[in-house]
Amino acid sequence: IFMKKPAKCCPIEKQKGVLIICRHPLGDTVTESPFLRGIRGGYPEHHITVVCSNENYNLLERCPYIDELLVYNSQTEKSFLKENLKKTYQFAKGHLWKRSYDLAVIPSTSMPAIIEAWIVYFSGARQRITYSERFNPIMHREYMGGYDRYFTDVIFDKEIKHEVERNLELLSYINGE
C-alpha cells in the first residue's frame, strides 16, 4: 500500500474526501484520465483517494489530479469469499476510515470484481456510485443482483458507448467538471 502525497493542510478527519476505485486493466485506466481531471475540477476542496492495483500503479502514481494512491492486491491463497471479505474490511479499516468520504465511485463498466464493491461499501462513503452489474450479462449472471446492492446510486444504460463517453456522463451525474 502506497500513499501518493501527504494530505492537504487541514486534519484528515475534517477533510472531505472522494474515493475512486481504479483497479481495472491498463486500457480502462487510461480512459479514466479525463474522469480524474473532471473529479478534481468538480471537487477542488476534496481529498481524492484512488485505490488501484499493482498493475496500474505506475500509470497513476504521477497523476496530478489525485492526492493519495493506495494499492489493494486481492490475491489470497485460501477461501476467496471469506479471506477477501476479511482482507477488504481490514484494508478499509486501516486506510479508508481515517477520512470522511462524501463520494465513492467505480467508473468502469468493464467487469469489476465484487471486491471493488466491498471496498466502496466498507469506506463508509455517504454516496456510492457505479454502473449496474446488469450492464454486463456475464457479471449479472455471476452476482445475481448482489453487486448493485452495495451502492446508493446505480446507473443502468444499455446504449452502446465508448468508455470515455460513459465516464464523462458519470461525471455530469456527480456534478464533476
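Parameters at a glance
- Residues numbered from 1 in each chain as written.
- Predicted model: local features only at pLDDT ≥ 70, side-chain atom pairs only at ≥ 80, totals over all residues.
- Heavy atoms only, no water.
- Helix = DSSP H or I, 4+ residues; strand = E, 2+ residues; numbered from the N terminus.
- Phe/Tyr/Trp six-rings, centres within 6.5 Å; stacked < 30°, edge-to-face > 60°.
- Buried < 20%, exposed > 50% of the residue type's maximum accessible area, 1.4 Å probe, protein only.
- Pairing = 2+ DSSP bridges.
- Axes fitted to C-alpha atoms, helices over the stretch in contact; angles between N-to-C directions.
- Contact = heavy atoms within 4.5 Å.
- Core = buried A, V, L, I, M, F, W, Y, C linked by side-chain atoms within 4.5 Å.
- Arc of directions from axis to C-beta.

Asker: When you look at the environment of Ile66 in this model, what are you seeing that I'm missing?
Answerer: With respect to the helices and strands, the residue Ile66 is situated in the loop between helix 3 (57-60) and strand 3 (68-71). Taking C-alpha positions, Ile66 is 8.6 Å from Arg37, a pair spaced 29 residues apart along the chain.

Asker: Which parts of the structure should I look at to understand the packing of aromatic side chains?
Answerer: Think of a pair of aromatic rings as described by two things: how far the centres are apart, and how the planes are tilted against each other in angle. Tallying each qualifying case throughout the model produces six aromatic pairs. Ring centres 4.9 Å apart and planes at 65° place the aromatic pair Tyr72 and Phe91 in the edge-to-face group. With Tyr72 in the loop between strand 3 and helix 4 (80-96) and Phe91 in helix 4, the pair connects residues that are 19 residues apart, well separated along the chain. Considered together, Tyr72 and Phe91 belong to a single accessibility category, that of buried residues. Seen in terms of ring centroids, Tyr147 and Phe151 are 5.3 Å apart; in terms of plane orientation they differ by 45°. Their pairing is tilted. Taken together through their ring pairs, the aromatic side chains of Tyr89, Trp97, Tyr121, Phe122 and Tyr150 make up a single cluster.

Asker: Can you help me understand the pairing of strand 4 (residues 100-106) in this one?
Answerer: Both faces of the sheet carry side chains from a regular strand, because those side chains alternate between them. The buried fraction of strand 4 amounts to six of the seven residues, a majority that puts the element mostly inside the structure. Across five bridges, strand 1 (residues 16-22) lies against strand 4 in parallel orientation. Considered in strand 4, the bridge of Lys16 is made with Ser100. Direction of pairing for strand 4 relative to strand 5 (residues 127-131): parallel, over a ladder of four bridges. Following the sheet pairing, Leu103 is matched in strand 5 by Gln127.

Asker: Explanation requested: the sheet that holds strand 6 (residues 153-155) in the structure shown.
Answerer: Sheet strands associate in pairs through backbone hydrogen bonding, adopting either a parallel or an antiparallel arrangement. Strand order in this open sheet of six strands is 3-2-1-4-5-6, and the pairing throughout is parallel. For this open sheet the edge positions go to strand 3 and strand 6, each flanked by a neighbour on one side alone. Pairs of neighbouring strands in the sheet enclose a mean axial angle of 15°, with direction left out of account. When strand 5 meets strand 6, the two strands line up parallel, connected through three bridges. Bridge pairing in strand 6 links Thr130 to Val154. Running at roughly 175° to strand 1, helix 2 (residues 33-42) makes contact with strand 1, strand 2 (47-52) and strand 4 of the sheet. Lying on the sheet, helix 4 is in contact with strand 1, strand 2, strand 3 and strand 4; it crosses strand 3 at an angle near 155°.

Asker: What is the right way to look at the nonpolar core in this model?
Answerer: Nonpolar side chains in soluble globular proteins tend to end up buried together. Core analysis: the biggest nonpolar cluster contains 24 residues, and Ile20, Phe35, Ile39, Val50 and Ile174 have the highest contact counts within it. Those elements that provide at least two residues to this core are strand 1, helix 2, strand 2, helix 3, strand 3, strand 4, strand 5 and helix 7 (163-173). Those residues in contact with Val50 that lie beyond four places of it in its chain are Ile20, Cys22, Leu36, Leu60, Ile66, Glu68, Leu69 and Leu70. In this structure, Phe91, Tyr101, Ile115 and Trp118 belong to the second largest nonpolar core, which totals 21 residues.

Asker: Got a minute to help me understand helix 2 in this structure?
Answerer: Given 3.6 residues to a turn, an α-helix orients residues that are three or four positions apart in the same direction. Residues of helix 2 that are buried: Phe35, Leu36, Gly38, Ile39 and Arg40. At its buried positions, helix 2 is contacted by strand 1, strand 2, helix 3, strand 4 and helix 7.

Asker: When you look at the side chain of Ser123 in this model, what are you seeing that I'm missing?
Answerer: Along the polypeptide, Ser123 turns up in the loop between helix 5 (114-122) and strand 5. Judged by its relative accessible area of 4%, Ser123 is buried. Setting aside residues up to four positions removed in sequence, Ser123 forms contacts with Leu19, Ala92, Leu96, Trp97, Tyr101 and Ala104.

Asker: What should I look at first to understand helix 7 in this one?
Answerer: Buried within helix 7 are the following residues: Glu163, Arg166, Asn167, Leu170 and Leu171. The buried side chains of helix 7 occupy one side of the element, clustering within an arc of 145° when seen end-on. Looking at the buried positions of helix 7, the neighbouring elements they touch are helix 1 (26-31), helix 2, strand 4, strand 5 and strand 6.

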